[in-house]
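What follows is the residue order along each chain.
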Amino acid sequence: MPDPSRADRLVALADALDAPVGSLAAVRAPGRVNLIGEHVDYNDGLVLPMAIDRDTIVAWRSRSDGRTTARSLELPGRVDTAADGERTGPTWGAFVPAAARAAVELGAAPVALDLAVTSTVPPGGGLSSSAALSVALVLAHCTAGGLDPDRRTLALAAREVEVAATGVPVGTMDQLASALGVADHALRIDCRDLTVDAVAIPDELAILVVHSGIERTLAGSEYAQRRSACEEAARSLGLASLRDASPEQVAGDPFARHVVAEIARVDAFVAALRAGDPGALGRILLDGHASLRDDFGVSLPAIDVLVDELVAAGAYGARITGAGFGGCVVAIAPRDGVAGIADRAAARYAVATGHTPRSFVVRAASGAAPC
Ligand code: GLA
């Protein structure tokens, strides 16, 4: 079934709001797929995500009773937050008061809103559904409170919201990608100084995302454990972060070895994109996957099968994307023929593993904005 149009989604959001009168406003924030540079953002490293054409839209009207309410078109329940922050409703509601506080800290006027949320970013899949939600909610509260925040500032505030709402000590990549996305471009982000360079994606290359059908489960606790292991490795070398480590210094530590090699892969990938060299792009993706599988330990046997089947079906390369432990694989394939590659790989993966994959070609999209 095709995704609903933005106009249809706005109508459905307006229908879901409690407050019957007042002007309706809305913002959108995209999910992202990370092309290369995995588990390196919290090591001050380089990453290369792109915002995708799947997003979260938050619509609202003002409320006059001081409460903020929120509902999702996809999830049950209704969030209800009093002015003092006391909250009832589903667990995702934790993002709402955190976003309201973040907007006020950025300089927006305090507001009371009737919010409705809808998303085409698959949850729990490594495509940053949580970052899309937090960026959209902070931008909604800023906009309603009379502030148009600088997008880098917005991203960093949304990252704090996500940490507060989920307890997972995520890095900055996802929110920066969602806030700063550029259509038809990937973003080379230096997570140490937060500089961002847009890198064009040649139109003849298709970015194919295949959800493995395996929901991530251990992602939160394993993620925090990987992060502290990396920080400990840097400390024991007397370094501020693994960004400063050489391959020789980390040769005996698989986690740190992944980080150092992965940071180097990002600029090699950027060079291959600029040179229009799909063979090199594919090899870098496969090297990255092997490193996440063998050194960083965040793949799963079924996901390794999916990567192999995508390559056997004609993709240049593929790798697990996002935090790992399930979720999505990203592949680069020739645009002509990508549908056949996706179908063949999905069919063989389903037979081999018993999981039900879902595949979709994504395009790089622009970042968070009013809509
Ligand atoms: C999650 C986190 C990001 C990043 C990736 C792994 O998506 O939110 O900050 O660390 O995992 O690269």
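One can find the structure itself at the top, above this paragraph.
Along every chain, residues carry numbers that run from 1 in the direction the sequence is written. This being a predicted model, a pLDDT of at least 70 is required before a residue's local features are given, and a value of 80 or more before pairs of side-chain atoms are given or counted; all residues contribute to the totals for chains, interfaces and linings. Neither water nor hydrogens contribute to the side-chain values; these are computed over all heavy atoms in the structure.

Definitions used throughout: a 1 Å grid over protein atoms alone; a cavity as a set of points that fits a 1.4 Å probe which cannot get out; a pocket as an open set with protein on both sides within 12 Å along at least five of seven lines; a lining residue as one with an atom within 4 Å of a point. Grid points are joined across faces, edges and corners, and a volume is the space filled by probe spheres set on the points. Here the largest pocket is characterised by a volume of approximately 1000 Å³. Along the wall of the largest pocket there are 42 residues; nearest its centre are G124, S129, S130, E162 and R216. Only runs of H or I of at least four residues qualify as helices and only runs of E of at least two qualify as strands under DSSP, and these elements are numbered from the N terminus. Sorting the residues of the lining of the largest pocket by element identifies β6 (113-119), α3 (129-144), α4 (151-166), α5 (173-180) and α6 (219-236) as the ones contributing at least two each. Ranked by residues supplied to the lining of the largest pocket, first place goes to α3 with four residues.

This paragraph deals with the packing of aromatic side chains. Under the pairing criterion, centres of Phe, Tyr and Trp rings, with the six-membered ring standing for Trp, must be within 6.5 Å; the plane angle then separates stacked pairs below 30 degrees from edge-to-face pairs above 60, leaving the rest tilted. By the definition in use, this model includes two aromatic pairs. Look at Y42 and Y223: their rings are 5.3 Å apart centre to centre, the planes differ by 70°, and that puts the pair in the edge-to-face class. You can see Y42 sitting in the loop between β1 (25-36) and β2 (46-62) and its partner Y223 sitting in helix α6, a full 181 residues away along the chain. Lying over the aromatic face of F296, R226 brings its terminal NZ or CZ to 5.8 Å of the ring centre. Working rule: Lys NZ or Arg CZ, within 6 Å of ring centre, within 35 degrees of ring normal, means a charge sits over the ring.

Checked against the element boundaries, T81 lands in strand β4 (residues 78-81). Residues within four places of T81 in sequence aside, it is in contact with R67, T68, E86, R87, V96 and P97. Two residues form a contact once any of their heavy atoms are found within 4.5 Å.

Right, let's talk about the sheet that holds strand β9 (residues 205-211) for a bit. Pairing between strands is defined by DSSP: at least two bridges between the two strands are required. The strand order across the open sheet formed by four strands is β10-β11-β9-β12, and the pairing between neighbours is antiparallel. Both edges of this open sheet fall to β10 (317-320) and β12 (358-362), since each of them pairs with a single strand only. Along the sheet, successive strands turn relative to each other by an average axial angle of 20°, direction set aside. As paired elements, β9 and strand β11 (residues 328-334) share seven bridges and run antiparallel to each other. Along β11, the bridge assignment pairs A206 with A333. In this analysis an axis means a line fitted to C-alpha atoms, helices contributing only their contacting stretch, and an angle means the value between N-to-C directions, from 0 to 180 degrees. The strands touched by helix α9 (residues 301-312) are β9, β10 and β11; relative to β10, the strand with the most contacts, the crossing angle is about 165°.

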